[in-house]
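Overview (structure and organization)
The chain contents come next:
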Amino acid sequence: METATGALSRVITRLGVLLTDEYYLPERMTEEIMFLQPLLESMEFALKKLSNTPTDQLNIQDKIWARDLSKLSDDIEDIIDTIMMMPGMLNESAELSLVRRLQAKMNIIFQFSTDRHMIATRIRDIKSRVSEVRKRCPRYDVNLGVDKPTKPTVDPRLFSQYTMIKDLVGIDETRDELIKILMGENGMPSQQGKIVSIVGFGGMGKTTLANAVYEKISAQFDCYAFVSVSQTPDLNKLFKDILYQLDRNKYDDSINETFVYEQQLINELREFLQHKRYFLVIDDIWDISVWQTIRRALPDNDIGYIIITTTRNFGVAEEVGGAYKLKPLSLSNSQKLLYRRIFGNENKDNIEDIDKCLNKELAEVSKRILQKCGGVPLAIVTTASLLASKARNEIDWYDVYNSIGTGLSDSTDVVNMRKILSLSYYEMPSHLRTCLLYLSVFPEDYKIEKDRLIWMWIAEGFIQCENQGKSLFAIGDSYFNELMNRSMIQPIYERYTGLIYACHVHDMVHDLICFLSSEENLVTILNGVWYTSPSKLFGRLSLQYGKEDNSKPLRIASLEHVRSAVVFPSAFCVMPVLRRFRVLRVLNLQDCDLSRGYSLEYLGDLFHLRYLGLCATHIAQLPQQIGNLKFLQTLDVRGNNMFSLPSTVVQLKNLMCLYIDEFTRVPNGIGSLTNLEVLSTLDITVSIDIIEELGQLMKLRVLHILLFIGWSGRLVECLSKLQNIEYLYIKIFGDNQWDFGGLDAWVAPRHLCRLDIEWPCWFSTLPARMNQSYLLDLVYLSIAVRDFGQVNLETLGRLPALRLLKLSVDPKNLGTLGGFIIGAGLFPCLVLFQFGGSIGPIVFQQGAMPRLEILNFEFCVQAARQITCNGDGPELGLGNLPSLQDVKIYLRSRGASKEEVRELEAALRHAAEIHPNLPKHQICG
């Protein structure tokens with residue numbers, strides 16, 4: 001349903017675009033489009049209703065209807081592309097004189113006449129098919145007014161609440177840790193209220209943990225209750241359940257007659273709990289507004305209370321407060337759980353004895369299986385059930401291992417696991433479901449780059465610009481964050497900046513989305529098994545693995561319908577030739593070796609193409625015909641021996657993202673690509689005129705540039721126009737590293753996140769507005785400043801988000817200043833600090849840089865005498881850096897004897913060795 005809903009929504013939006021003044025359409029075509037729109041909108045409403053129904057609850061007629069409508073939507077979109085590409089359809093003559101406009105229209109009619117018959121025939125066919133599909137909607141009883149049930153008949157999560165504690169593994173340690181958080185070291189309830197929200201991935205055991213804590217400590221409270229909220233909560237029933245559990249004698253069956261309205265129940269709960277020490281578990285909260293209503297019914301008091309909530313959504317957990325992120329099981333506990341479920345309770349915890357009973361191959365595959373399960377109890381139990389039904393044969397166990405994450409297994413246990421995970425899936429809006437299912441184009445355990453994924457979403461049309469003033473990429477970024485908050489994807493962070501640059505999909509979620517994607521016919525994964533049925537229609541292909549003994553290209557009769565081809569190196573040997581694709585939107589060949597004879601000759605014929613990923617494909621040039629790709633939004637040719645782009649690249653007016661190597665030259669006219677948001681890396685050293693063109697790219701967010709040192713002054717005027725910049729990298733070439741770079745007049749844009757300016761570009765002073773009230777988002781800063789003092793350091797130290805700082809200062813301008821003092825409260829988020837310039841030592845006071853892990857700086861040996869010593873050398877205050885892990889100090893010995901250098905080096909090494917963290921250290925003289 002997500003495939004059909006997304007495709008139909010895109011078509012309706014694009015039909016609306018065709019009806020704007022931006023395009024000139026013949027009157028008859030306008031009428032045809034206006035006829036189609038209301039019919040499609042009514043069917044979109046029906047699809048959205050159906051999309052809330054789990055796949056296994058849909059009847060076959062509904063599925064066929066949605067499949068046909070999805071195919072119809074794709075065909076309509078192909079026609080729209082064809083119309084938009086026809087000569088003269090874009091109304092570029094609005095500001096011409098009347099005579100010129102009439103002349104332009106005559107030209108349009110003449111140019112259009114050659115294709116008019118074909119387009120008219122296709123539109124009549126589309127009208128007929130739309131009418132037919134619309135008639136079948138009521139025939140198949142698609143309910144347009146009432147939502148179908150979205151929950152399974154039996155909720156599999158109920159078993160978690162009633163699991164015997166003796167059957168659990170690793171629960172004791174986690175339970176006791178959580179109890180300590182709730183009740184302190186003495187294990188007794190306090191007079192202060194405490195709320196903790198257990199948050200984690202579906203199947204992690206949140207309900208199980210909450211129930212273990214509940215059984216352990218509930219007797220210490222005056223009253224207690226354990227209730228589940230679910231996705232579609234009935235709050236009246238929920239409040240009645242709480243009251244009944246709190247006092248079964250007082251709130252018997254008559255509660256239904258006594259309390260009718262929600263506010264009555266809230267008032268009764270507040271009055272009952274006001275003077276009691278109470279303990280509540282509110283399980284499975286999905287929505288912040290639901291929690292806010294529940295919280296109104298639970299009073300604060302002076303006696304004490306504990307509230308535990310569970311949720312899969314980090315946003316909900318943060319709103320509740322006291323988020324407790326549930327950790328995966330350790331390897332040893334995972335083994336215990338696996339073996340206990342396979343072999344029973346006998347010798348259940350003696351892993352070594354069981355390992356001895358298994359042959360080498362079984363022991364090896366069991367470890368591989370546990371790696372796929374990732375410490376998720378639900379995944380381990382489900383997989384153990386599959387293994388227990390097999391003989392102790394490594395071939396059978398390897399079959400189970402290979403099926404995990406592919407969506408292929410259909411055992412009862414796997415189906416139940418999917419039902420549990422699908423609760424999160426069906427709770428999401430349809431646009432997020434489509435974006436999640438699309439991740440099935442990537443193999444399991446694949447590191448998915450965030451930016452690459454978002455640009456592919458955009459190319460597929462999954463992201464519609466619904467918010468005025470917000471770019472498609474920004475909307476896609478919010479989709480990514482929402483999937484992460486809902487625990488559907490796992491973020492991968494940059495080591496020092498803490499920024500998310502990629503994600504990982506848990507194998508169990510990968511299994512779910514592969515299964516659903518196959519059911520939806522959103523993505524067809526070809527993984528060593530090649531489909532040759534001529535009746536099989538492929539919408540999106542993911543070629544993940546090719547048989548080594550099969551080097552022939554893939555033979556599929558219906559490739560003309562393929563809209564996406566994502567190919568991985570191991571399957572490139574079966575990649576069909578480009579001329580077989582007709583409506584391709586996404587072509588991603590990243591890391592595939594095209595130098596072995598694969599031709600890009602027909603690339604220019606793929607005029608529907610939006611995304612072209614040729615990173616690290618061993619190509620030396622692009623064909624001139626690439627200028628035909630008028631819809632292209634992303635072009636990635638990094639990692640190749642490509643010294644220049646074709647001159648026709650400047651015709652790609654819709655291009656938003658251009659990735660090239662720093663030695664790849666761009667043609668004149670790059671300033672015409674006014675939709676560019678990402679440009680990396682632009683070599684300006686070949687022509688200063690490119691700087692002028694750069695100033696026309698007002699939408700740029702990411703910009704990497706190379707230029708000569710004498711041109712940096714010209715660059716300032718250009719950069720001042722680019723107020724959307726978030727990431728700016730400048731590399732300057734010049735002979736004299738002390739030359740002034742000329743960037744002093746530049747004012748950083750407010751949303752700057754990264755500023756990386758390589759030396760020898762020097763600012764004379766700290767740039768204007770580089771302070772805590774203006775640059776709230778600055779995370780990464782690499783800069784060289786000539787005149788830099790203690791005040792400037794404190795200004796940088798107050799930047800609220802700064803995590804990485806590479807700072808160089810000119811020692812010639814330090815005057816009598818011997819060093820710097822970093823006081824309490826400065827650099828609260830800094831993780832890496834690199835400070836160069838042969839200055840005096842830096843002194844770290846208590847409370848400074850609480851998160852600093854990497855410290856790298858240099859200072860003059862003679863200047864070390866200017867600061868207080870403790871008898872063992874200069875007191876730098878390294879012990880005041882509680883998170884320190886790695887120290888590198890470079891000593892500049894000019895003017896000092898070898899003995900002085902050795903003594904200072906030994907003293908600094910001693911200071912590092914006595915640090916509580918025992919950081920790695922390197923002291924160089």
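Now for a quick tour of the structure. These numbers were taken from a predicted model, which means no experiment stands behind them.

All right, on to the overall build of the protein chain then. When its secondary structure is counted, the protein chain shows 26 helices and 27 strands. Among the 925 residues that make up the protein chain, the fraction classed as buried is 53%. Considering only contacts in the protein chain between residues 6 or more positions apart, those separated by 24 or more positions represent 63%. Of the roughly 40,800 Å² that the protein chain leaves accessible, carbon and sulfur atoms contribute 49%.

The subject of this paragraph is helix α26 (residues 898-913). A rise of 1.5 Å per residue sets the reference length of α26, with its 16 residues, at 22 Å; its end C-alpha atoms lie 22 Å apart and thus fit the reference within 8%. When α26 is considered as a whole, its buried residues turn out to be V901, L904, E905, A907, L908 and A912. The arc that holds the buried residues of α26, viewed along the axis, is 165°, so those residues lie on one side. On its buried face, α26 sits against β25 (854-860), β26 (886-892) and β27 (920-924).

On the secondary structure map, P919 appears in the loop between α26 and β27. Expressed as a C-alpha distance, the spacing of P919 and L884, which sit 35 residues apart in the sequence, is 6.4 Å.

Quick look at the pairing of strand β11 (residues 564-567) now. Of the two faces of β11, the one carrying S564 and V566 and the one carrying A565 and V567 are both buried. For strand β10 (residues 540-545) and β11, the ladder comprises four bridges, and the chain directions are parallel. Residue pairing for β11: S542 is matched across the bridge by V566. As paired elements, β11 and strand β12 (residues 586-588) share three bridges and run parallel to each other. Residue S564 lies in a different strand from β12, and its bridge partner there is V586.

To continue, consider empty space enclosed by the protein. Where empty space is left can be seen by rolling a probe of water-molecule size over the atoms. Under the counting rule described, the total for this entry stands at five cavities of 30 Å³ or more. Volume-wise, the largest cavity comes out at about 100 Å³. In terms of lining, the largest cavity is formed by L15, L18, E32, I33, L36, I76, I79, I80, I83, I123 and I126. Taken together, the elements giving at least two residues each to the lining of the largest cavity come down to α1 (2-18), α2 (27-50), α3 (60-85) and α4 (98-139). In terms of residue count, the dominant contributor to the lining of the largest cavity is α3 (four residues).

Cut-off values and rules
Residues numbered from 1 in each chain as written. Predicted model: local features only at pLDDT ≥ 70, side-chain atom pairs only at ≥ 80, totals over all residues. Heavy atoms only, no water. Helix = DSSP H or I, 4+ residues; strand = E, 2+ residues; numbered from the N terminus. Buried < 20%, exposed > 50% of the residue type's maximum accessible area, 1.4 Å probe, protein only. Contact = heavy atoms within 4.5 Å. Areas by Shrake-Rupley, 256 points an atom, 1.4 Å probe, with all protein chains shown as cover. Expected span 1.5 Å × (residues − 1). Arc of directions from axis to C-beta. Pairing = 2+ DSSP bridges. 1 Å grid on protein atoms, 1.4 Å probe; cavity = no way out; pocket = protein on both sides within 12 Å on 5 of 7 lines; lining within 4 Å. Points joined across faces, edges and corners; volume = space filled by probe spheres on them.

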